[in-house]
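Chain residues, written in single-letter form:
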Amino acid sequence: MKIYNNININNIYDMYKSASSKAVDAKKINNIDKVEISSNASKINKSFAEYEQIREKKVQDIKEKVDSGTYYVKSDDIAESILKGAFLDKKV
C-alpha cells in the first residue's frame with residue numbers, strides 16, 4: 001500500500017490545528033485568576049506585623065542593656081530553660 005501526500009488531508013489538519021489553538025486561546029482569555037483574602041487572614045497578617053514591631057522593640061531593648069552592661073538574667077530562669085529543653089528533647 002502506498003500513501004501519497006494528499007493536499008486535502010494537510011489542509012484539514014491545518015484547519016484543525018489552527019481551530020484548536022484558537023479554542024485554547026479563547027479559554028485562556030475567559031479564565032482569569034483571582035485571589036480573595038478573608039477577613040481572618042487580614043487580621044492574622046495585621047497581628048504578625050504588630051508582633052514584629054513588638055519583637056523588634058524587645059530585641060533593641062536587650063541590645064541596649066547588653067551594651068551598657070545592665071542586662072542580667074536570673075539563674076533560676078536559666079536553669080528552668082535548660083530543664084525544659086532537656087525534657088522536650090527527650091524522645092517518648
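What you see is a predicted model, and the numbers here were worked out from it, not measured in a lab. (Residues numbered from 1 in each chain as written. Predicted model: local features only at pLDDT ≥ 70, side-chain atom pairs only at ≥ 80, totals over all residues. Heavy atoms only, no water.)

Caption draft 1: Representation of the overall build of the protein in the model. When you go through the protein residue by residue, the secondary structure sums to 3 helices and 0 strands. The N-to-C order of helical and strand elements in the protein reads α-α-α. Carbon and sulfur atoms make up 58% of the accessible area of the protein, which totals about 9600 Å². (Helix = DSSP H or I, 4+ residues; strand = E, 2+ residues; numbered from the N terminus. Areas by Shrake-Rupley, 256 points an atom, 1.4 Å probe, with all protein chains shown as cover.)

Caption draft 2: Region of interest: helix α2 (residues 39–68). Between its first and last C-alpha atoms α2 spans 44 Å; for 30 residues at 1.5 Å apiece the expected length is 44 Å, and the two agree. Positive phi shows up at Gly 69, right after α2, with a value of about 85 degrees. (Expected span 1.5 Å × (residues − 1).)

Caption draft 3: Here's a closer look at the confidence of the model for the protein. Looking at the protein as a whole, its pLDDT mean stands at 78, while 65% of the residues score no less than 70. When mean pLDDT is compared element by element in the protein, α2 scores highest at 91, while helix α1 (residues 7–30) scores lowest at 62. (pLDDT = per-residue confidence, 0-100.)

Caption draft 4: Structural detail: a nonpolar patch on the surface. A surface patch of nonpolar side chains, amounting to about 530 Å² of accessible area, comprises Ile 62, Val 66, Tyr 71, Val 73, Ile 78 and Ile 82. Structurally, the position occupied by Val 73 is in the loop between α2 and α3 (75–89). (Patch = residues over 30% accessible without salt bridge, like charges linked within 9 Å, V, L, I, M, F, W, Y side chains within 5 Å. Salt bridge = Lys/Arg side-chain N within 4 Å of Asp/Glu carboxyl O.)

Caption draft 5: Local environment of the pattern of salt bridges. For the coordinates displayed, the defined rule picks out 1 salt bridge. Residue Lys 84 is joined to Glu 80 by a salt bridge in which the shortest nitrogen-to-oxygen separation is 3.4 Å. Here Lys 84 pairs with Glu 80, and both are found in helix α3, just 4 residues apart, close to one helical turn. The class of Glu 80 is partly exposed, set by a relative accessible area of 43%. (Buried < 20%, exposed > 50% of the residue type's maximum accessible area, 1.4 Å probe, protein only.)

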